[in-house]
Amino acid sequence: MENTNTFLYLCLILLSISLNFVLTQSAPESSLIIQLPGFNGTFPSKHYAGYVTVDKKHDRNLYYYFTVSEGNPSKDPVVLWLNGGPGCSSFDGFVYEHGPFNFEKPKIKGTLPKLQLNPYSWSKVSNIIYLDSPAGVGFSYSKNKKDYTTNDFQTASDTHIFLLEWFKLYPEFLPNPLFLSGESFAGVYVPTLAYEIVKGIDTGVKPNLNFKGYMIGNAVTDEKFDGNALVPFTHGMGLISDQLFEDVTIQCKGKFGEGHSHTIECKRLLQRVDQAIAKLNVYDILEPCYHSSEETLVNATNIPHSFRKLGETKRPMPVRKRMFGRAWPLGAPVKDGIVPTWPQLSARREIPCTSDEVATEWLNNDAVRKAIHTAEKSVVSEWVLCTSNISYNHNIGGMIKFHKNLTSRGYRALVFSGDHDMCVPYTGSQAWTRAMGYNIVDDWRPWLVDDQVAGYFYYSFILMAYS
């Protein structure tokens, strides 16, 4: 009996070793990142990068950078991160927001930045995929250039295919909870992708994704709510007077966005609002907007005054201060049709109030590109934060119907807004989440970090919204 137990025990040990070997060897070793130029330390977890083909006929390939969780990789959620634009690379999130490294700008121009571990990286608690989407953005590409004319439906379909194929490459993560996340125009990408995933689950598409929910920040959502958000925001933040707010509300009948039949007096008052905020940093009203005086905008008369000479200063050095994700001009909500990218709006290639010199220098370095397994420069000549390569048609309408469908089926949603972002103001997020009609079970109150107020939140029955 004792010999039998010993034998069974040894068998279990061998089985455990075998399973662990299979799990750790499932990820494609050719995609493993061994080292990164600019970083001299030891990776706290494994990093992978490469391409997933989403259309073999067109040779359409989406690029990803995958950081394994530093916590419990076998249990922690898999999180897909998408930056917005449309046309902006998710390396924006990787380099400037919540990636595994902090990038220190080099003192000597033309040298690489130094990388240090980010103590607040999302990879502390999640397995996170940074995806360049759609094709034509970042390092993603297609051999058929017609694919660079795309839309909401195609983007959601391609990203769904990407996930299905990605999990075939990394099957050990298939049981983990899957969450989607993104900011700004990803307020369109994320719910439409979630809807595609759920349709796939309903129809038995394999592999079966363990999808649990999504998270969106300062999210483009709905023409009505986004269009009405700016004026209340400017008043709430003390950027316009009570009198101007009262007058414009009365004259415009509370409808401030484009598409309404505004009277001459309403338009005049809206111009006064534009003039009051013209020199502010649209992405963070408390931060300086460093931008050169040569900046001009294409067809400037067709866009709001506040974007025509955005943030002119005598300071020679543009300094990046915030995340970037949305191209649509201030005061003009995203609506059906072609959505212009910032390079298409701007006579220059820079993003207003930002400098992406660090990311551009690092990601276009030959050694870096080799280390992170990008395509050859003959295929993808250079990395840019936000590209003009694509033509994007917003053809799926508002997002509220998607949120209602997903949350009513029990999928979890976290909606958060930075309260200094004037591009997609928090007032719009508050308005559309309230309009969902769910019962509030934990009313508006502060949330604390180290006993300090870090923001405010409320819980609704199904939907949560943060600010």
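The numbering scheme is per chain: residues are counted from 1 as the chain's sequence reads. Given that this is a predicted model, residues contribute local features only at a pLDDT of at least 70 and side-chain atom pairs are listed and counted only at 80 or more, while totals for whole chains, interfaces and linings are drawn from all residues. The side-chain figures draw on all heavy atoms in the structure; neither hydrogens nor water molecules are used.

K.L.:
Lay out the state of the cysteines with the relevant residues and their values.
P.N.:
Note on terminology: pairs of cysteine sulfur atoms within 2.5 Å are recorded as disulfides. Within this structure, the stated rule accounts for two disulfides. The disulfide partner of cysteine 88 is cysteine 386, and the S-S distance across this bridge is 2.0 Å. Across the S-S bond of cysteine 88 and cysteine 386 the torsion is about 105 degrees, and the bridge reads as right-handed. In this pair, cysteine 88 sits in the loop between strand E3 (78–82) and helix H2 (91–96) while cysteine 386 sits in the loop between helix H11 (366–371) and strand E12 (391–394), placing the two residues 298 residues apart along the sequence. The rule is simple: take the accessible area with a 1.4 Å probe, protein chains only, and divide by the maximum for that residue type; under 20% is buried, over 50% is exposed, in between is partly exposed. When its relative accessible area of 6% is taken as the criterion, cysteine 386 is described as buried. The partner cysteine of cysteine 252 in its disulfide is cysteine 266, sulfur to sulfur 2.0 Å. Between cysteine 252 and cysteine 266, the S-S dihedral sits near 105 degrees, and the bridge is therefore right-handed. Labels follow the DSSP assignment, with helices taken as runs of H or I lasting at least four residues and strands as runs of E lasting at least two, numbered in each case from the N terminus.

K.L.:
Let's hear about the pairing of strand E10 (residues 211–217): which residues, and what values?
P.N.:
Of all seven residues that make up E10, six are buried, and the element is covered over most of its length. For crossovers, right-handed means that the path from the first strand over the helix to the second runs clockwise, given strands pointing away from the viewer. Where the polypeptide runs from strand E9 (residues 178–183) across helix H4 (residues 186–202) and back to E10, its parallel neighbour, the crossover connection is right-handed.

K.L.:
Would you mind going over the environment of asparagine 151 in detail, with residue names and values included?
P.N.:
When you line up the elements, asparagine 151 lands in strand E8 (residues 149–151). Expressed as a C-alpha distance, the spacing of asparagine 151 and histidine 394, which sit 243 residues apart in the sequence, is 5.7 Å. Working rule for contacts: check all heavy atoms of both residues, and any pair within 4.5 Å makes them a contact. Those residues in contact with asparagine 151 that lie beyond four places of it in its chain are Tyr392, Asn393 and Asn395.

K.L.:
Talk me through helix H12 (residues 400–408); I want residue IDs and the actual numbers.
P.N.:
Residues of H12 that are buried include every one of Ile400, Phe402, His403, Leu406 and Thr407, and no others. What you see down the axis of H12 is that its buried residues fit within an arc of 155 degrees, all on one side. The positive-phi residue at the C-terminal boundary of H12 is glycine 410, with phi of around 95 degrees. The directions considered for the arc run from the helix axis to the C-beta atoms.

K.L.:
An account of the packing of aromatic side chains is needed here, citing residue identities and associated values.
P.N.:
Each pair of aromatic rings taken from Phe, Tyr and Trp, with Trp reduced to its six-membered ring, is defined by centres within 6.5 Å and is described as stacked if the planes are under 30 degrees apart, edge-to-face if over 60, and tilted in the remaining cases. Tallied over the full model, the rule gives 34 aromatic pairs. Aromatic pair phenylalanine 66 and tryptophan 166: ring centres 4.8 Å apart, planes at 85 degrees, arrangement edge-to-face. Highlighted residues: phenylalanine 66 in strand E2 (residues 60–67) and tryptophan 166 in helix H3 (residues 152–169), separated in sequence by 100 residues. Taking 6.3 Å as the distance between ring centres and 5 degrees as the angle between the ring planes, the aromatic pair formed by tryptophan 444 and tyrosine 456 counts as stacked. Linking tryptophan 444 in strand E14 (residues 440–449) with tyrosine 456 in strand E15 (residues 452–460), this pair joins segments that are twelve residues apart in sequence. Residue tyrosine 456 is classed as partly exposed on the basis of its relative accessible area of 36%.

K.L.:
Can you lay out the packing of helix H7 (residues 242–251) against helix H8 (residues 264–276) for me, pointing to particular residues and giving the numbers?
P.N.:
Contact geometry of H7 with H8 gives a least axis separation of 9 Å together with a crossing angle of 145 degrees. Crossing geometry of H7 relative to H8 is assigned as left-handed. For the pair H7 and H8, contact is made by Leu244, Asp247, Val248 and Gln251 and by Glu265, Cys266, Leu269, Leu270, Arg272 and Val273, respectively. Residue polarity follows a fixed list, in which Ala, Val, Leu, Ile, Met, Phe, Trp, Tyr, Cys and Pro are nonpolar, Asp, Glu, Lys and Arg are charged, and the others, Gly among them, are polar. Here the contact of H7 with H8 is built from residues that sort into six nonpolar, one polar and three charged. Here the axes come from fitting lines to C-alpha atoms, over the contacting stretch only for helices, and the angles between their N-to-C directions go from 0 to 180 degrees. In a left-handed crossing the near helix is turned counterclockwise from the far helix by less than a right angle, and in a right-handed crossing that turn is clockwise.

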